[in-house]
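Residue-level structure breakdown
Chain residues, written in single-letter form:
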Amino acid sequence: MIGVQRLTVAYRGRPALTDVDLHVAAGERVALVGPNGAGKSTLLRAIAGLVEPAAGSIELGGTPLGALDRLAIARRLAVVPQLPQLPFATRVEEVVALGRLPHEHPIRGLRPADRAAIAAAIDRVGVGHLLGRDARELSLGERQLVLLAVAVAQAAPVLALDEPTVHLDLRHQVEVMELLVDLNQRDGTTIVAVLHDVGLAAHFFPRVVVLDRGRLVADGPPAEALDRDRIRDVFGVDPALVRLPAPVQA
Amino acid sequence: MTAIASNRAGVIGRPRLAQRPLVLAAIGFALLAVAMVAGVAAGSVFVPPGDTLAILAHRLLGLDLPATWTAAQETIVFELRLPRVLTAGVVGAGLAVAGATFQGVLRNPLADPYVLGTASGAALGAAVAVIVPVRAVVLEFGLLHGLAFVGALGAVWLVYRLSRVGGHGQMTSLLLTGYAVGSLLAAGLAMAMFLSGTNLRLIFSYLLGGFESASWLRFATALPLVAGASTLILLRARSLNGFLLGEEAAAHLGVDVRRERAILLGLASLATAAAVTVSGLIGFVGLVAPHVVRLAVGPNARLVLPLAAIFGAILMVVADLAARLAGEIPVGVVTAVIGAPFFLALLRQTRAGYEL
């Protein structure tokens, strides 16, 4: 589904990613972890076609990224947006409806199938109680969930997330993780998530990719990818401080 | 308890008129028609509305009606007031569409052709065209519109580029840059007046803004430009909606951000230039009309653009009528009296929900 080969990305001459290989098959659930500045977000943005590789190649669904226009990418890959500043009063349902932009009729706009997808996404993410409210007046956590609903409404075969739990309390963090597992298992959506919390990654993701200073240093089941030596080497903390939970039953 | 419950239901079920955009459009057109007939009937020489309608029916539809009006009244209605009112409508619609587009693409609720300096750029371009000694009607109009477009495009490009460097919040930066560039362009306009000699009055009329010199010819050049640019913007409503969540999110939602931003800013500059070329600088209509429409139907550009065009036309026709009834004062005075408090209210409101 995603094929990244010998990818190198540089910002103003400074390498952000070096020689990264990553292959994600359809239906996989992959967590990207690593310290700040490791290149996790850059990798995600490169896969979404927003940064130009200095070297290497990226494929999405078997097609080179360079051969796809923005609309074609948006139909293959949904990325949960970062928290934006909304310039106008915008209702929650109007925000979620933006997830249908890649699918709606270019002139006439939303069709019944689009409206059904919006309603389903609102239901699935559990933001029905927020309908009718101005998205600018919501709490950070509520806004985070609404943005997740945008990406769910986009209904692409791959869902990519950059720190989806960052503004959420513990209960909502777990709920979002469970939603990702459900989207993955029930709908077959391929999930690639950048996570800060190695505990959440180890528990909810059968495959963990560790990045450090722009290089991919581990790729495998959480018990291997996040072993004691790597916790110490990559994150620079005493491994005794990090106790990883058992993986969820897939 | 019931009060709380009903209040909650009221908030969540707050009716939005988005479900009935066609009804809103029909009401808008009816209001526009009333405003236009009033605009044609009223003025220093009053022509009764019945006679006004009869003259219009006689001249436009060719109906053979008994003439209850004088030849002078017919000339006033058909050669002076009708093109004036129609021009005001087209200019209002063009500025409103341009304002809605600038606000959407730049993600700034306070953006409009006037605030951004786009209108000043167009006026300077038009002034330069007036100074250039070319005296063939076709060429003159082409040069006028062409240079006004170049001026508008140059101003918006400059403001956009400059506002991106520097550490201020995006909204403040854009407004301050717009102010600085606008001031510079106004200085250019003053310089053009200084150099203009006999054309001083014409350039001064750009600065003042108004529809005193409206004619069928001017209306006929503005209409296709404004209608064309507005239609092309409406066809890109999807892209405009994508900008709502920010440029990066727009890209993830399938919008080619660089291309669409350039096209939309270009088309909005074209609508601005076409409006400024026939009317001069008239502020705030491009700011007020889209916001009032968004209050009714939400931010969806597919609804906002056409409804803002209708509402902008109504606003301009009424403002011009008020300016005439107040003794031919500049119409910009009327729109400023409405628009400036609106701008300040908007600034207060957005300061709470927007980084500044």
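Let me begin by describing the structure that accompanies this report.

The rules behind these values
- Residues numbered from 1 in each chain as written.
- Chains lettered and ligands numbered in written order.
- Predicted model: local features only at pLDDT ≥ 70, side-chain atom pairs only at ≥ 80, totals over all residues.
- Helix = DSSP H or I, 4+ residues; strand = E, 2+ residues; numbered from the N terminus.
- Buried ≥ 20, exposed ≤ 12 C-beta atoms within 10 Å, placed from the backbone.
- Contact = placed C-beta atoms within 7 Å.
- Rg over C-alpha atoms; globule rule 2.2 N^0.38 Å.
- Nonpolar A, V, L, I, M, F, W, Y, C, P; charged D, E, K, R; others polar.
- Axes fitted to C-alpha atoms, helices over the stretch in contact; angles between N-to-C directions.
- Parallel < 35°, antiparallel > 145°, perpendicular 65-115°, else oblique.
- Left-handed = near helix turned anticlockwise from the far one by under 90°.
- Expected span 1.5 Å × (residues − 1).
- Arc of directions from axis to C-beta.

1. Topic: the overall build of chain B
Tallying secondary structure elements over chain B gives 15 helices and 0 strands in all. Of all 356 residues assigned to chain B, the portion counted as buried reaches 50%. Summarising the internal contacts of chain B: among those between residues at least 6 apart in sequence, 78% fall at separations of at least 24.

2. A closer look at the overall build of chain A
From N to C terminus, chain A includes 9 helices and 10 strands. Its C-alpha radius of gyration of 18 Å places chain A within 12% of the 18 Å reference for a compact globule of 250 residues. Viewed in the frame of its principal axes, chain A has a C-alpha envelope of about 55 × 40 × 35 Å. Looking at chain A residue by residue over its 250 residues, the buried ones come to 44%. Excluding contacts between residues fewer than 6 apart, the proportion of contacts in chain A whose partners are at least 24 apart in sequence is 67%.

3. Comments concerning the environment of F204 of chain A
All names here are of chain A. Within the secondary structure layout, F204 lies in helix α7 (residues 198–204). On the basis of neighbour count, F204 is assigned to the buried category, with 26 C-beta atoms found within 10 Å. Between the alpha carbons of F204 and P222 there is a distance of 9.6 Å; along the sequence they are 18 residues apart. Residues contacting F204, with those up to four places away along its chain left out, are M177, L180, V181 and V248.

4. A word on the interface of chain B and chain A
Taken together, the contact between chain B and chain A spans 31 residues of the former and 27 residues of the latter. When residues of the side of chain B that touches chain A are traced back to their parent elements, those giving at least two are α1 (2–12), α10 (237–242) and α11 (247–252) of chain B. The leading source of residues in the side of chain B that touches chain A is α11 of chain B, at 4 residues. Residue classes in the side of chain B that touches chain A are distributed as 12 nonpolar, 11 polar and 8 charged.

5. Some thoughts on the packing of helix α4 (residues 71–105) of chain B against helix α12 (residues 257–279) of chain B
Residues and elements named next belong to chain B. As a packed pair, α4 and α12 sit with axes 9 Å apart at the nearest point and diverge in direction by 155 degrees. Compared by their axis directions, α4 and α12 come out roughly antiparallel. The crossing of α4 and α12 is left-handed. Between α4 and α12, the contacting residues are T87, V91, G94, L95, V97, A98, T101, F102 and V105 on the first element and R261, L264, L265, L267, A268, A271, T272, A274, A275, V278 and S279 on the second.

6. Quick look at unusual backbone geometry
We note that R213 of chain A has phi near 45 degrees; this positive angle belongs to a residue other than glycine. The residue R213 of chain A is located in the loop between β9 (207–212) and β10 (215–220) in this model. In this structure R213 of chain A comes out as partly exposed when scored by C-beta crowding, with 15 C-beta atoms within 10 Å. The backbone phi angle of R107 of chain B is positive, close to 55 degrees, even though this residue is not glycine. Owing to 23 C-beta atoms within 10 Å, R107 of chain B belongs among the buried residues under this scheme.

7. Some thoughts on helix α6 (residues 170–187) of chain A
Residues and elements named next belong to chain A. The terminal C-alpha atoms of α6, which comprises 18 residues, lie 25 Å apart, in line with the 26 Å expected from a rise of 1.5 Å per residue. Residues of α6 that are buried include every one of Q173, V176, M177, L180 and N184, and no others. Each buried residue of α6 lies within a common arc of 100 degrees when the element is viewed along its axis, so the set occupies one face. The outward face of α6, more than 90 degrees from its buried face, is lined by the exposed residues R171, E178, D182, Q185 and R186. Each element contacted by the buried residues of α6 is listed here: β3 (29–33), α5 (140–154), β8 (190–194) and α7. After α6 finishes, the residue G188 shows a positive phi value of roughly 75 degrees.

8. Structural notes on the environment of V158 of chain A
Structurally, the position occupied by V158 of chain A is in strand β7 (residues 158–162). What V158 of chain A contacts, discounting residues up to four positions off in sequence, is M1, I2, R76, L77, T190 and V192 of chain A.

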